[in-house]
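If you want the building blocks of each chain, they are given just below.
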Amino acid sequence: MDGSAPEPSAPLQDGTSAPPAPLRVLYVDDDPALGRLVQRQLGRLGFEVVLAGSGEAGLALVAAERFDVVALDHYMPGQDGITTLRAICALDRPPPVVYVTGAQDGRLAVAALKAGAADYVVKEIQADFIELLRAAFVAAVEQVRMRRAHEAAEAEIRAARDRFEALAAERALLLREMNHRVGNSLQIIVSLLNVQASATEDGRVKEALNSARNRVSAVAQVHRRLYTSDQIATVALDQYIGSLLDDLQVSAHRDLGGITITLDADPIHIDPDHAVAVGIIATELVINAMKYAYPGGEGAIRVALKRQGERIDFAVEDDGAGMAAAKAAETGSTSSTGLGTRIVRAMSTKLGCEPTLDARDKGTCVRLTFRLAERS
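The model shown is predicted, which means the values in this text are computed figures rather than measured ones. (Residues numbered from 1 in each chain as written. Predicted model: local features only at pLDDT ≥ 70, side-chain atom pairs only at ≥ 80, totals over all residues. Heavy atoms only, no water.)

Draft legend 1. Local environment of helix α3 (residues 81-89). The set of residues buried in α3 consists of Gly81, Ile82, Thr84, Leu85 and Ile88. Considered in projection along α3, the buried side chains sweep an arc of 160° and stay on one side of the axis. Against α2 (55-64), β3 (69-73), β4 (97-101) and α4 (106-115) lie the buried residues of α3. (Buried < 20%, exposed > 50% of the residue type's maximum accessible area, 1.4 Å probe, protein only. Helix = DSSP H or I, 4+ residues; strand = E, 2+ residues; numbered from the N terminus. Arc of directions from axis to C-beta. Contact = heavy atoms within 4.5 Å.)

This is the structure in structure tokens:
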């Protein structure tokens, strides 16, 4: 590095650059003649050199004033260079120290570097001592500047990470609170629908209200899981479907004592929107099987949720009357509107798939295979 300025020149108001500030050097040596020589020669090169004749005097100056770099002789009466070097390095934000010695001893240079010196220069007046000293000063100052710039960049990165973590925590809290409020509101709607269904004597109205209650409950369960879980971006689909089926099983035991619902599911995490779609489909298919598969009110409904690589295989099956009989029963039912079928198809479209019927002699199996959506 050529030149002696530690930092780039700052622009003045007229657009020109200010002259670079000279490096301020403290030269500590008990040889006054050599000190004046260094002061004169480096002054011609643009350095500001302050002299100190002992380690104690140099340490006092470093503690009291600002210096860009310190040159420190080894052999001095009283406090030697190594002792002074350690004391300087113990100060808060000390300047870099270039160790100067007339001894041709590599062990001395190694000891100085271990004690904290940025560099060392052998004191040989006949050689290029002043030039070596100048180059060592400039390199030491640049090294400190780069280290401090690196530390500042790391501090900024840590601060940015802390800000990001704080924002992420705040976002998670807000999302959890939002899900809590939405879940509570939906649960109130479920309760109101339940009360209304209990209050009516009209079978068609009661069935419609119960169906609406089950659909709203499927959505409410997702929000309940989001605000009670550590994960706010995904839902454990297997646990969610299991809870829905538990609620439907309670309803089946109350209305159709012989219906049993079982679940065979792999652990799967999925985004909330897709979980709602799967939950509504499961609710519609299971309720449909409860209504039409077993006219006698007794039988098994099996739900399977399996992961096949990046795809999910979801199926609801029974061993009941079969699709033809179920369609006939549904067609002949005065309460049927076909709304359930339309809902299943709409939710399947949201999942990017189509429901299919497995061909079989007995019973019905509705199957959906959809891709596991990528999560950010």
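Draft legend 2. Molecular detail of the packing of α3 against α4. The geometry of α3 relative to α4 is characterised by a closest axis approach of 9 Å and an angle of 20° between their N-to-C directions. Taken together, the axis directions place α3 and α4 in an arrangement best described as roughly parallel. In this structure, α3 crosses over α4, and the sense of that crossing is right-handed. On α4, the residues touching Ile82, Leu85, Arg86 and Cys89 of α3 are Ala111, Ala112 and Ala115. Classifying every residue of the contact of α3 with α4 gives six nonpolar, no polar and one charged. (Axes fitted to C-alpha atoms, helices over the stretch in contact; angles between N-to-C directions. Parallel < 35°, antiparallel > 145°, perpendicular 65-115°, else oblique. Left-handed = near helix turned anticlockwise from the far one by under 90°. Nonpolar A, V, L, I, M, F, W, Y, C, P; charged D, E, K, R; others polar.)

Draft legend 3. Representation of the pairing of β3 in the model. For β3, the tally of buried residues reaches five of five residues, placing the bulk of the element in the interior. Side chains Val69, Ala71 and Asp73 project from β3 onto one buried face, and the interleaved Val70 and Leu72 project onto a second face that is buried too. The pairing of strand β1 (residues 24-28) with β3 spans four bridges and is classified as parallel. Its bridge partner being in β3, Val25 is matched across the sheet by Val69. With four bridges connecting them, β3 and β4 associate as parallel partners. Bridging from a neighbouring strand, Ala71 pairs with Val98 of β4. (Pairing = 2+ DSSP bridges.)

Draft legend 4. Representation of the sheet that holds strand β12 (residues 364-371). Pairing is mixed across the open sheet formed by five strands, whose spatial order is β7-β9-β10-β12-β11. Only two strands of the sheet have a single neighbouring strand rather than two, namely β7 (258-265) and β11 (356-357). Taken together, the eight bridges between strand β9 (residues 298-308) and strand β10 (residues 311-318) define a ladder with antiparallel strand orientation. Paired with Ala304 across the bridge in β10 is Ala315. Strands β7, β9, β10 and β12 of the sheet are contacted by helix α8 (residues 272-292), whose axis makes an angle of about 15° with β10.

Draft legend 5. Highlighting the confidence of the model for the chain. For the chain, mean pLDDT is 83; residues scoring 70 or higher make up 85% of the total. Within the model, the stretch residues 1-14 combines pLDDT values under 50 with 28 contacts to residues more than four positions away or in other chains. Contacts for the low-pLDDT stretch residues 331-336, under 50 throughout, to residues beyond four places or in other chains number six contacts. (pLDDT = per-residue confidence, 0-100.)

Draft legend 6. Seen up close, the pattern of salt bridges. Per the counting criterion, the structure on display carries 20 salt bridges. Residues Arg24 and Glu48 are paired through a salt bridge, measuring 3.0 Å at the closest nitrogen-oxygen approach. Of this pair, Arg24 sits in strand β1 while Glu48 is found in strand β2 (residues 48-52), placing the two residues 24 residues apart along the sequence. For Glu48, a relative accessible area of 36% gives the class partly exposed. (Salt bridge = Lys/Arg side-chain N within 4 Å of Asp/Glu carboxyl O.)

Draft legend 7. Inspection of the packing of aromatic side chains at higher detail. According to the stated counting rule, one finds one aromatic pair in the structure shown. Considering the side-chain rings of Phe47 and Phe137, the 6.2 Å spacing of their centres and the 55° angle between planes classify their relative orientation as tilted. Note that Phe47 is positioned in the loop between α1 (32-44) and β2 and Phe137 in helix α5 (residues 129-199), a separation of 90 residues in sequence. Just as Phe47 is buried, Phe137 falls in that class too. (Phe/Tyr/Trp six-rings, centres within 6.5 Å; stacked < 30°, edge-to-face > 60°.)

Draft legend 8. Summary view of the nonpolar core. Counting 44 residues, the largest nonpolar core has Leu237, Tyr240, Ile241, Val286, Ile301 and Phe314 as its most contacted members. Among the secondary structure elements, those contributing two or more residues to this core are α6 (203-228), α7 (237-255), β7, α8, β9, β10, α10 (339-351) and β12. At 12 residues, α8 tops the list of elements feeding residues into this core. With residues near it in sequence (within four places) discarded, Tyr240 still touches Ala218, Val219, Gln221, Val222, Arg225, Val235, Ala275, Val276 and Gly279. (Core = buried A, V, L, I, M, F, W, Y, C linked by side-chain atoms within 4.5 Å.)

Draft legend 9. Fine view of the sheet that holds β2. The strand order β2-β1-β3-β4-β5 describes an open sheet built from five strands, whose pairing is parallel. Strand pairing shows two members of the sheet lacking a second neighbour, β2 and β5 (119-122), which therefore form its edges. Across this sheet, the average inter-strand angle for adjacent strands is 20°, counted without regard to direction. Across the sheet, α1 is in contact with β1 and β2; its angle to β2 comes to roughly 170°.

Draft legend 10. The packing of α8 against α10, seen in detail. Two numbers describe how α8 lies on α10: the axes approach to 9 Å, and their chain directions differ by 155°. One element, α8, and the other, α10, form an angle in the roughly antiparallel class. Along this stretch, α8 crosses α10, giving a crossing that reads as left-handed. Contacts between α8 and α10 involve Asp273, His274, Ala277, Val278, Ile280, Ile281, Glu284 and Leu285 on the former and, on the latter, Gly340, Ile343, Val344, Met347, Ser348, Lys350 and Leu351. By residue class, the composition of the contact of α8 with α10 is nine nonpolar, three polar and three charged.

Draft legend 11. Looking closely at unusual backbone geometry. One non-glycine residue, Arg93, lies in the positive phi region at around 50°. Mapping Arg93 onto the fold places it in the loop between α3 and β4.

Draft legend 12. Molecular detail of the environment of Ala289. Among the structural elements, Ala289 can be located in helix α8. When the C-alpha positions of Ala289 and Gly322 are compared, they lie 9.8 Å apart, and in sequence the two are 33 residues distant. Beyond its immediate stretch of four places on either side in the chain, Ala289 contacts Tyr294, Ile301 and Asp318.

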